[in-house]
Amino acid sequence: MSGPDGDAAGAETERRQPVRVVLAKLGLDGHDRGLKVVARMLRDAGLEVIYLGLRQTTESILLAVEQEDADVIGLSIHNGGHLTLAPRMVEAVRATGTDVPVVVGGIVPDVDLERLAEAGVFAVLGPGASAAEVARTVRAAAARRA
Amino acid sequence: MTAGPAAGPTPERAAPHPDGEPPTAPGDVTALFERARGGDRRALGRLLTYTERGGPLADAVAVAAWPLAGAAHVVGMTGAPGVGKSTLTDRLAQVAADDGWRVAILAVDPSSPLTGGAILGDRVRMGSAATPGGPFVRSMASRGQSGGLALAALSAVRLLDAAGHDLIIVETVGIGQVEVDIARTADTTIVAVSPGWGDAVQANKAGLLEMADIFVVNKADRAGATDARRDLEYMLDLGHRAGWRPPVALTVATTGEGADELFKHVQDHRQHLRTSSAEAERRARHVAEEVRRHLHRWVDQLVEQPTRQTEALFAEVAQGDLAPSAAAQRLAGEVGQVPERDAPGADDEPEV
Ligand SMILES: Nc1nc2c(ncn2[C@@H]2O[C@H](COP(=O)(O)OP(=O)(O)O)[C@@H](O)[C@H]2O)c(=O)[nH]1
Ligand SMILES: [Mg+2]
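Residues numbered from 1 in each chain as written. Chains lettered and ligands numbered in written order. Predicted model: local features only at pLDDT ≥ 70, side-chain atom pairs only at ≥ 80, totals over all residues. Heavy atoms only, no water.

**Notes on helix H3 (residues 58–68) of chain A**
Here comes step 1: Buried residues dominate H3(A), accounting for 9 of its 11 residues.
Here comes step 2: Taken together, the buried positions of H3(A) are occupied by Thr58(A), Ser60(A), Ile61(A), Leu62(A), Leu63(A), Ala64(A), Val65(A), Gln67(A) and Glu68(A).
Here comes step 3: Residues of H3(A) that are buried make contact with strand E1 (20–26), strand E2 (48–56), strand E3 (72–76) and helix H4 (82–95) of chain A together with helix H2 (41–53) and strand E4 (136–141) of chain B.
Here comes step 4: Directly after H3(A), the chain includes Asp69(A), whose backbone phi takes a positive value near 50 degrees. (Buried < 20%, exposed > 50% of the residue type's maximum accessible area, 1.4 Å probe, protein only. Helix = DSSP H or I, 4+ residues; strand = E, 2+ residues; numbered from the N terminus. Contact = heavy atoms within 4.5 Å.)

In C-alpha cells:
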C-alpha cells in the first residue's frame, strides 16, 4: 500500500484532537472520591479521561497508556509515597522509549516539589487546585508530548 | 500549595525506542502496522489513534488492515448503563482467552455533548485488562459524530482483527442509533439486561431487542432474574428471526457465574452463521454497509469542510439561483476528491 499523501497527513495532525489522559491512583490506600472529582473537571474542560481508579500499579498504568495511546498520565498519590512512586512511574515510562508526561496530584510538601521536578515529574497539583488550573496543566503536559 | 508545571530541569528527551523510532512519526503507517502485527501494543495503540481521528492516516490504516482482516469473530455487547456490560465483557474475555482465543475489547462511551470531553471508565471493571497477558483493551469516546463513530469503531475492529485478534468484543451503551449501527456490523450481538423490565423496555425502545443474537440477564444474584428470563422467552415465543432463536443466559458477572455458558452460546452462534445458507448474503450486506459508511464520510466531509467552490455553490443556493438538489447533484461528482484546503477556517477545529 502506498503511504498517505504527505501534505494531507500533515494537515491532519495539525488539527486539534481531544487530549487523552489516563487517571489512576497508585498505592493501596483509600477511596477515589478526589480522583472522580478530577475526572469530571477534565471531562468538563473537554478532555478524554481514561479512568483506571484505585489500586493501580506502575505496570497496570503502563499497559493502559500503551493500549490507549494516552497523552498524559495523571497520578493520584495520597499516603506520602510520592517520592518513591512518582519517580518510579516516570522511570518506567522512559524505559519504554516514550516520554508521556506524568502529572501528580496529592499533598506534596513544598520541600519535595523540586525533587519531583528533578525526577522528571511534569507538574504537581495540590488539593486546592482549581478546575481551570488542573485542565491547563494537563493540556500543557499533553502539548509537550507532541 | 500548587506548583504549576514544575520548576527545575525539564526531563531529558526519552531514549530512542530499541527497535527504532517511537511511533510518533505521522504517516509511517506501514512500519507501525508491521510492528502491531508482530505484537507491539504501543504501535497498535497509535494506529488506533489514527483510525479514531479519521482523515488520510485513518484511510491508510484501513487500506493496510483490510486484506488481513476477516478472520476475527466480532461480538457486540450492548445494554443500558450499569447492567454490567464491562464486568461481563471482562469475564467473557477471560473464558475465551482460557480457550485459546486472542481477545481484544473496544469499549465505546458517549462524549459530553456540551464540552466534547468524556470519562471512559470501563477499564475499572476489566481486571484482566490490567494484567500483562490480558486482552488488548481500547476505550473510545463517541466524539459527538454518530456516523463518524460507527465508522471509527468499525475501522478499529478491522485493525484489531488484522493485528491478529480472533475475538473482538465491542461494548456500547445501548441507548441510541449509534449503538444499533455498531451492532449491525457485529457477527454476534449480545443484549444485556438486569432483573426487572426497565432495561429491556429501554433496549426495546432503542430497537435493540430485535438485534439480539443472545440475551443475557446479568445480576442474576438479584431477585427477579428468572422472571426476566421468562419474559424474554415469552417475547421470543411470539416471534424471532428464522433459523436462530436467541438463547437467554443468566449471569453474575461479578463472580463469573454463567460466563462459560455465555461463551458457549457465542460459539454456537458463530457455528450457526458459518453453516447458515444465508451467510454469503449476510457478508455481502456487511460489505455494502461498510462501504456506505466510508462514502458517508466523504459526503459529510464535503459539506463540513467546504472548499471555496462548495461555499460559492452554497451561496448560489442561498441566493435562490440554484436549487439544493441541483447543488447536491453537482457536488456528488466531487465526492472522494481530496479537498483543497483553501477555505478560510477549514482547519480551525474548535478548541477541545
Ligand atoms: N450484584 C451484581 N452486581 C454486578 C453484576 N455485574 C456487574 N455488577 C456491578 O454493576 C455495576 C456496573 O457494572 P459495569 O460492568 O460497569 O456496567 P456497564 O455500565 O453496563 O458496563 C458495578 O458496580 C458492578 O460491580 C452482577 O452480576 N451482580
Ligand atoms: Mg461499561
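**Focus: the pattern of salt bridges**
Residues and elements named next belong to chain B.
Here comes step 1: A full pass over the atoms with the stated rule returns 24 salt bridges over all chains.
Here comes step 2: Note that Lys-264 is salt-bridged to Asp-268, the shortest N-O span being 3.2 Å. Placement of both Lys-264 and Asp-268 in helix H9 (residues 259–275) is noted, with a separation of 4 residues, approximately one turn of the helix. (Salt bridge = Lys/Arg side-chain N within 4 Å of Asp/Glu carboxyl O.)

**Details of the sheet that holds E1(A)**
Here comes step 1: Here we have 6 strands laid out as an open sheet, ordered E5(A)-E4(A)-E3(A)-E1(A)-E2(A)-E3(B), and parallel in their pairing. Two strands bound the open sheet, and with one partner strand each, they are strand E5 (123–125) of chain A together with strand E3 (118–120) of chain B. On average, each strand axis in the sheet is tilted by 25 degrees relative to the strand beside it, whichever way the strands run.
Here comes step 2: Packing against the sheet, H4(A) makes contact with E1, E3 and strand E4 (102–105) of chain A, and its axis sits at approximately 160 degrees to E3(A). (Pairing = 2+ DSSP bridges. Axes fitted to C-alpha atoms, helices over the stretch in contact; angles between N-to-C directions.)

**Points about the side chain of Arg138(B)**
Here comes step 1: Turning to its location among the elements, Arg138(B) is positioned in strand E4.
Here comes step 2: Among the polar contacts listed, one links the side chain of Arg138(B) to the backbone oxygen of Glu68(A), at a separation of 3.4 Å.
Here comes step 3: There is a polar contact of 3.0 Å between the side chain of Arg138(B) and the backbone oxygen of Gly45(B).
Here comes step 4: Setting aside residues no more than four positions away along its own chain, Arg138(B) makes contact with Arg20(A), Gln67(A), Glu68(A), Asp69(A), Gly45(B), Leu48(B), Thr49(B), Glu52(B), Ile105(B), Leu106(B) and Ala107(B). (Polar contact = N/O pair within 3.5 Å; in protein donor to acceptor, adjacent residues only side chain to side chain.)

These figures capture arrangement, not role.
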